[in-house]
Amino acid sequence: QWGYGKDDGPSAWNTNYPVADGDRQSPIDILPHQARHDPNLGPIVLNYDRCTSINIANNGHSVVVEFEDSDDRSVIQGGPLDNPYRLKQFHFHWGGKGCHGSEHTVEGNSYASELHLVHWNAVKFKTFGEAASTSDGLAVLGIFLETGDEHRWLHMITDALYTVKFKGSVTDFKGFNPKCLLPSSLHYWTYLGSLTTPPLHESVIWIVVKEPMIVSEKQLGKFRTLVFTGEEEDERTRMENNFRPPQLLKGRTVRSSN
Ligand SMILES: NS(=O)(=O)c1ccc(O)c(NC(=O)NCCCCO)c1
Ligand SMILES: [Zn+2]
């Protein structure tokens with residue numbers, strides 16, 4: 001299996017997942033001055049209103065909140081998207097104490113953490129799995145997390161983390177609307193990329209929001225109380241630095257909403 005350690009980490013993923021060396025891999029380093037401002041790029045529209053969260057889980061790589069995706073109750077549309085994309089899950093990537101842990105970087109600078117809201121094109125595909133393995137089947141909204149004041153709503157997530165400390169743990173997490181996590185401005189960069197974890201499918205339309213959400217160091221520290229390992233395993237490997245470093249742009253264009 002793959003992980004984020006010395007032997008099973010990002011530099012080894014191409015052994016079992018050769019697409020790791022492909023032409024549209026994620027994340028990337030974003031250079032704002034080289035991004036093409038595209039006036040045709042409209043605003044991102046989120047309809048997460050009748051929210052459909054189900055549970056929160058530790059999958060051995062991150063903490064994930066899953067959503068009920070049998071209809072279009074929670075969708076993202078507009079921006080670079082031709083169809084509404086259905087919210088499936090969101091999860092985070094973060095660093096170690098004092099180190100940064102975002103996946104995308106901006107002019108070589110990384111943020112403390114990065115939130116990924118994962119959506120799939122249910123107009124063109126029947127299942128998430130099918131969408132996740134087909135070009136442009138997914139739209140992932142990436143939000144940077146920066147340390148500063150406490151985030152007024154993130155406690156809803158961090159207060160539940162102790163219940164999913166070990167790999168394989170799942171607990172109920174109903175009625176959570178992730179719209180409360182988003183920064184005020186949704187100006188974004190967008191480019192064609194991939195999943196940032198194995199199987200690294202090149203199926204993602206990335207929408208990276210420019211404005212970070214501000215969270216406290218204390219709130220971020222709670223993510224590091226999770227472990228990669230299962231309760232029955234001997235070693236307790238703290239879950240941190242679960243991010244893939246930036247990959248080659250290989251001629252891709254990054255567009256900017258404005
Ligand atoms: N980081 S990401 O690009 O937003 C991303 C979005 C959706 C995904 O499905 C994955 N990866 C994934 O599911 N890998 C299968 C095993 C993971 C846990 O069992 C990564
Ligand atoms: Zn992710």
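Quick note: structure is the one above.
Cut-offs applied
- Residues numbered from 1 in each chain as written.
- Chains lettered and ligands numbered in written order.
- Predicted model: local features only at pLDDT ≥ 70, side-chain atom pairs only at ≥ 80, totals over all residues.
- Heavy atoms only, no water.
- Helix = DSSP H or I, 4+ residues; strand = E, 2+ residues; numbered from the N terminus.
- Polar contact = N/O pair within 3.5 Å; in protein donor to acceptor, adjacent residues only side chain to side chain.
- Contact = heavy atoms within 4.5 Å.
- Near = heavy atom within 4 Å.
- Donors = N, O, S within 2.8 Å, 3.2 Å for Na, K, Ca; no water.
- Tetrahedral: all angles 85-135°; square planar, octahedral: opposite > 155°, others 65-115°.
- Buried < 20%, exposed > 50% of the residue type's maximum accessible area, 1.4 Å probe, protein only.
- Pairing = 2+ DSSP bridges.
- Salt bridge = Lys/Arg side-chain N within 4 Å of Asp/Glu carboxyl O.

Q: Explain the side chain of Asn-121 residue by residue, including any values.
A: Here Asn-121 is to be found in the loop between strand S9 (113-120) and helix H2 (128-132). Here the side chain of Asn-121 touches Val-123 through a polar contact of 3.0 Å, landing on its backbone nitrogen. At a separation of 2.9 Å, a polar atom in the side chain of Asn-121 contacts the main-chain amide nitrogen of Lys-124. What Asn-121 contacts, discounting residues up to four positions off in sequence, is Asn-83, Pro-84, Tyr-85, Ala-131, Asp-136 and Gly-137.

Q: Pulling in residues and values, what's your account of the site of ligand 1?
A: In the vicinity of ligand 1, 15 residues are found, and the nearest of them are His-91, His-116, Thr-196, Thr-197 and Pro-198. His-116 has a polar side-chain atom sitting 3.3 Å from an oxygen atom of ligand 1. Contributing elements (two or more residues each) for the shell around ligand 1: strand S7 (85-94) and S9. In terms of residues, the shell around ligand 1 owes the most to one element, S7, which gives three residues.

Q: Before we move on, could you go through the coordination of the zinc ion (ligand 2) and cite the residues and values that matter?
A: With distances of 2.0 Å, the protein atoms coordinating the zinc ion (ligand 2) are His-91 (NE2), His-93 (NE2) and His-116 (ND1). Around the zinc ion (ligand 2), the four donor atoms are arranged such that angles at the metal cover 100 to 117°; this shape is classified as tetrahedral. Counting gaps between the donor residues of the zinc ion (ligand 2) yields the pattern H-x1-H-x22-H. Remark: His-116 occurs in strand S9 and His-93 occurs in strand S7; sequence separation between them is 23 residues. With a relative accessible area of 1%, His-93 lands in the buried category.

Q: Break down the pairing of strand S3 (residues 44-47) for me, with residues and values.
A: The side-chain alternation of S3 yields one buried face, formed by Ile-44 and Leu-46, and one unburied face, formed by Val-45 and Asn-47. For S3 and strand S6 (residues 75-78), the ladder comprises four bridges, and the chain directions are antiparallel. Bridged to Leu-46 within S6 is Ile-76.

Q: Describe the pattern of salt bridges, and please don't skip the residues or the numbers.
A: Per the stated rule, a full pass over the model turns up eleven salt bridges. Between Lys-6 and Asp-7 there is a salt bridge, and its shortest N-O distance comes to 3.1 Å. When salt bridges with common partners are traced through the structure, they connect Glu-66, Asp-69 and Lys-88 into a single cluster.

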